[in-house]
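Structural overview for review
Take a look at the letters that make up each chain.
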Amino acid sequence: MKTSRAAVLTQFENPLELKEFPLPQTIEPGAALVKVKLAGICGTDVHLWHGQLPIPLPVILGHETVGVIEEKGDALRTDWLGQPLSAGDRITWSSSINCDECYYCRVKPQPTRCLKRKAYGISYDCSVAPHLTGGYADYIYLRPGTAIFKIPEQLPTEAVVGAGCALVTSLHGIERIGVSMGDNVLIQGSGPVGLASLAVAKASGAAQIIVFGGPPHRLEWAKRFGADVCVDIAESSVEERKAKLLELTGGFGVDVVLECVGIPEAVVEGIELCRDGGRYLVLGHYGNAGMVQFNPHIITRKQLTMAGSWGFEPRHTQAALKFLSRTRTQFPFEQLVSQTFPLEQAFEALQATAAWSTAKSAIAP
Ligand SMILES: [Zn+2]
Ligand SMILES: [Zn+2]
């Protein structure tokens, strides 16, 4: 019997264990068995490892993956866009599947809040067949209903993984809050979501982009992605940052703030930095980081629009692949993958992400 290795999270905050699982003996009509080429490590994986989100154990992490179709069911003839699919094709896929039946799928369409949403690398117990449900493995089994996308030939695997779920998350978030031609934009945070939001804001026509973030190697990336001004949060106080931002915006504040930090205090700081009638997007709070005190008077007085955004839909994956193909020379997503690890070192890859020591770590099984 053929098997696949996988790095398994069996207990929160413990090293990942390398285990072997049998490959499925039959592939369902709409399913595919995919050989993993490159699996990105997302910041969310670190939160999952700590047990900060409710997930089943054991689990194979990895929700930003590129692979090659090894074998597919007969009914799986095309990708999500109708392009013919065959064994050997290089693909990526939307990490989550929604049910198409619930209140949020049908009545109040917000598929990212589907009541039965399931995500590869997050919500499948890997002790149950078909076992191979995350990217940190030699193979992954894509269930019927997965939104699969053939990757354009000229688009490198590293670009897709380097952009990872950060780019699709940013595309969805910025769609909800809007960035217009000529806007002054503040991005709080210079991690993967901050950098991706910077790219999307820039491509949307933002006139000036200011980044509050750190550490310095991440701010260097922000500059390479086109930030006009970067401020290291470790080297400045809240008051100093506010003074700098007002100086850069004629004393008014920015049109839009994109929060990509995940620390509640950042929101308190950020809403003060919008101009009157400005917009504020809370994008970075995937984990529940707890409470914070703030003054709602600011929202009323400044007439702010605030929005949240959770995950993404398959159409954002499609948009991300198009975006990457079109802007390859402008935004160096592929160079973000600065370190790849073999599958045996999946835990080291996860630790590198937790320590922010690499721009983006990935596993090449
Ligand atoms: Zn992610
Ligand atoms: Zn649903």
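In this text the structure is predicted, and so the values were computed from the model without any measurement. (Residues numbered from 1 in each chain as written. Chains lettered and ligands numbered in written order. Predicted model: local features only at pLDDT ≥ 70, side-chain atom pairs only at ≥ 80, totals over all residues. Heavy atoms only, no water.)

A closer look at the pattern of salt bridges
Inspection of every chain in the model, using the stated rule, returns 14 salt bridges. Its salt-bridge partner being Glu64, residue Lys360 comes within 2.7 Å of it at the nearest N-O pair. Here Lys360 is found in strand 18 (residues 360–363), whereas its partner Glu64 is found in the loop between strand 4 (59–60) and strand 5 (65–72), with 296 residues between them in sequence. Like Glu64, Lys360 is buried. Residue Arg315 pairs with Glu175 through a salt bridge whose shortest N-O separation is 2.9 Å. Of this pair, Arg315 sits in helix 9 (residues 314–327) while Glu175 is found in helix 3 (residues 157–177), placing the two residues 140 residues apart along the sequence. Here Arg315 falls in the partly exposed class, since its relative accessible area comes to 36%. Taking the relative accessible area as the measure of exposure, Glu175 reaches 43% and is therefore partly exposed. Members of the salt-bridge network, linked through shared partners, are Arg5, Asp138 and Glu344. (Salt bridge = Lys/Arg side-chain N within 4 Å of Asp/Glu carboxyl O. Helix = DSSP H or I, 4+ residues; strand = E, 2+ residues; numbered from the N terminus. Buried < 20%, exposed > 50% of the residue type's maximum accessible area, 1.4 Å probe, protein only.)

Some remarks on the coordination of the zinc ion (ligand 2)
The expected angle between donors at a tetrahedral four-coordinate metal is 109.5 degrees. At an octahedral six-coordinate metal it is 90 or 180 degrees. At this site the zinc ion (ligand 2) is bound by Cys99 (SG), Cys102 (SG), Cys105 (SG) and Cys114 (SG), with donor distances of 2.3 to 2.4 Å. For the zinc ion (ligand 2), the four donor atoms are set out with angles of 103 to 116° between them, so the coordination reads as tetrahedral. In primary-sequence terms, the residues that donate to the zinc ion (ligand 2) follow C-x2-C-x2-C-x8-C. In this pair, Cys99 sits in the loop between strand 7 (96–97) and helix 2 (103–106) while Cys114 sits in the loop between helix 2 and strand 8 (118–119), placing the two residues 15 residues apart along the sequence. The class for Cys114 is buried, based on a relative accessible area of 8%. (Donors = N, O, S within 2.8 Å, 3.2 Å for Na, K, Ca; no water. Tetrahedral: all angles 85-135°; square planar, octahedral: opposite > 155°, others 65-115°.)

Re the side chain of Thr249
Tracing the backbone shows Thr249 in the loop between helix 6 (238–248) and strand 14 (254–259). We classify Thr249 as buried; its relative accessible area is 7%. Within the local environment of Thr249, its side chain forms a polar contact with the backbone nitrogen of Gly253, the two atoms lying 2.9 Å apart. Every residue in contact with Thr249, bar those within four places of it in the chain, is listed here: Asn184, Gln208, Ile210 and Val254. (Polar contact = N/O pair within 3.5 Å; in protein donor to acceptor, adjacent residues only side chain to side chain. Contact = heavy atoms within 4.5 Å.)

These results come straight from atomic positions and should not be treated as a statement about function.
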